[in-house]
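Structural description and commentary
Residues per chain, in single letters:
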Amino acid sequence: MSVLSTNQPEGTPTWMELRTPDRKGALAFYQALFGWEYEPYPTGDAGGTVCLLHGRPVAGIVPDTDRTTAVWTMYFATDDCDDTARRVTETGGRLIEAPADLADHARTAVAVDAVGARFGLWQGRSRLGSEIVNEPDSLVRNDLITPDPGPARAFYTALFGFMLDGNDEVPELDFTFLRRPDGHEIGGIIGSPNVPTSAWGTLFAVSDADAVAERATASGGSSTEPEDTPYARMATVTDPAGAVFSVGKAP
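On a predicted model such as this, the values are computed, not experimentally measured, just so you know.

In this section: helix H1 (residues 23-34). Spanning twelve residues, H1 covers 16 Å between terminal C-alpha atoms, matching the ideal 16 Å at 1.5 Å per step. Buried within H1 we find Ala26, Leu27, Phe29, Tyr30, Leu33 and Phe34. Directly beyond the C-terminal end of H1, a positive phi value near 75° is found at Gly35.

Here the largest pocket defines a volume of roughly 1400 Å³. Along its surface, the largest pocket is lined by 49 residues, and Asp143, Ile145, Ile190, Met234 and Ser246 are the ones closest to its centre. In terms of residues, the lining of the largest pocket owes the most to one element, strand S13 (residues 199-205), which gives six residues. Taken together, the residues that form the lining of the largest pocket break down as 26 nonpolar, 15 polar and eight charged. Taken as a whole, the second largest pocket spans an internal volume of roughly 270 Å³. As for the second largest pocket, its lining consists of 14 residues, and the residues nearest its centre are Thr12, Asn134, Val140, His184 and Glu185. Within the residue set of the lining of the second largest pocket, elements represented by two or more residues are strand S9 (139-146) and strand S12 (185-191). A total of four residues in the lining of the second largest pocket trace back to one element, the largest contributor, which is S9.

Okay, the sheet that holds strand S6 (residues 94-102) next. If you walk across this open sheet you meet the eight strands as S2-S3-S4-S1-S5-S8-S7-S6, and the pairing is mixed. Strands at the two margins of the open sheet, each flanked by one partner only, are strand S2 (37-40) and S6. Averaged over neighbouring strand pairs, the angle between their axes works out to 25° when direction is ignored. The pairing of strand S3 (residues 49-53) with strand S4 (residues 56-63) spans five bridges and is classified as antiparallel. Residue Leu52 lies in a different strand from S4, and its bridge partner there is Pro57.

Calculation notes
Residues numbered from 1 in each chain as written. Predicted model: local features only at pLDDT ≥ 70, side-chain atom pairs only at ≥ 80, totals over all residues. Heavy atoms only, no water. Helix = DSSP H or I, 4+ residues; strand = E, 2+ residues; numbered from the N terminus. Expected span 1.5 Å × (residues − 1). Buried < 20%, exposed > 50% of the residue type's maximum accessible area, 1.4 Å probe, protein only. 1 Å grid on protein atoms, 1.4 Å probe; cavity = no way out; pocket = protein on both sides within 12 Å on 5 of 7 lines; lining within 4 Å. Points joined across faces, edges and corners; volume = space filled by probe spheres on them. Nonpolar A, V, L, I, M, F, W, Y, C, P; charged D, E, K, R; others polar. Pairing = 2+ DSSP bridges. Axes fitted to C-alpha atoms, helices over the stretch in contact; angles between N-to-C directions.

So this is what it looks like as structure tokens:
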């Protein structure tokens, strides 16, 4: 089990949060899908829920009645939320939510990048972020899908000092690996001229993609037919309130 005991290095995806107009429905759906258990967010975030896997936090669910469609937001680890938020605006992004304390758990912010994709910043304090990753029913990967990959690559290299690396395994795909300055791969940027908007995609690991796809449909969501890819057997799932994500079982 990949259990974390310290904050992730800056620029690493470290927390996932679902904003949804239907909190009750989301709790039922993701418990059926992943077996998550729940506990309340710290005081000051009314109705927020921490999702637990083996008793450890892996994600959050927050009610947002101003939304008509649910959305998952990925948060990057940062050593200084306020400084990184400042650099977001200097490099062509925009803040949606200014830095603020989540009780004593973390200091957080939400922004959009230079191509309009939403992401968060997470300066871990008493809570590191997702404490289990790369295991079934937890976060394994995030990739930015955008019709305009050039400005996206420039934005994230300026913001976090990422290094860029091509992918020769899928030459038909406009794909760029994003690597931290220490060389560790944190995700990628996929150039796709057919997508209407830019967004960070989320991939949760599962032990059986076909079974999860069936549970998603049975629990009020929907799923594509699982397909084999060079990296995993994958399906795209939409929860009952419209949040889209992927699940994958490694071959």
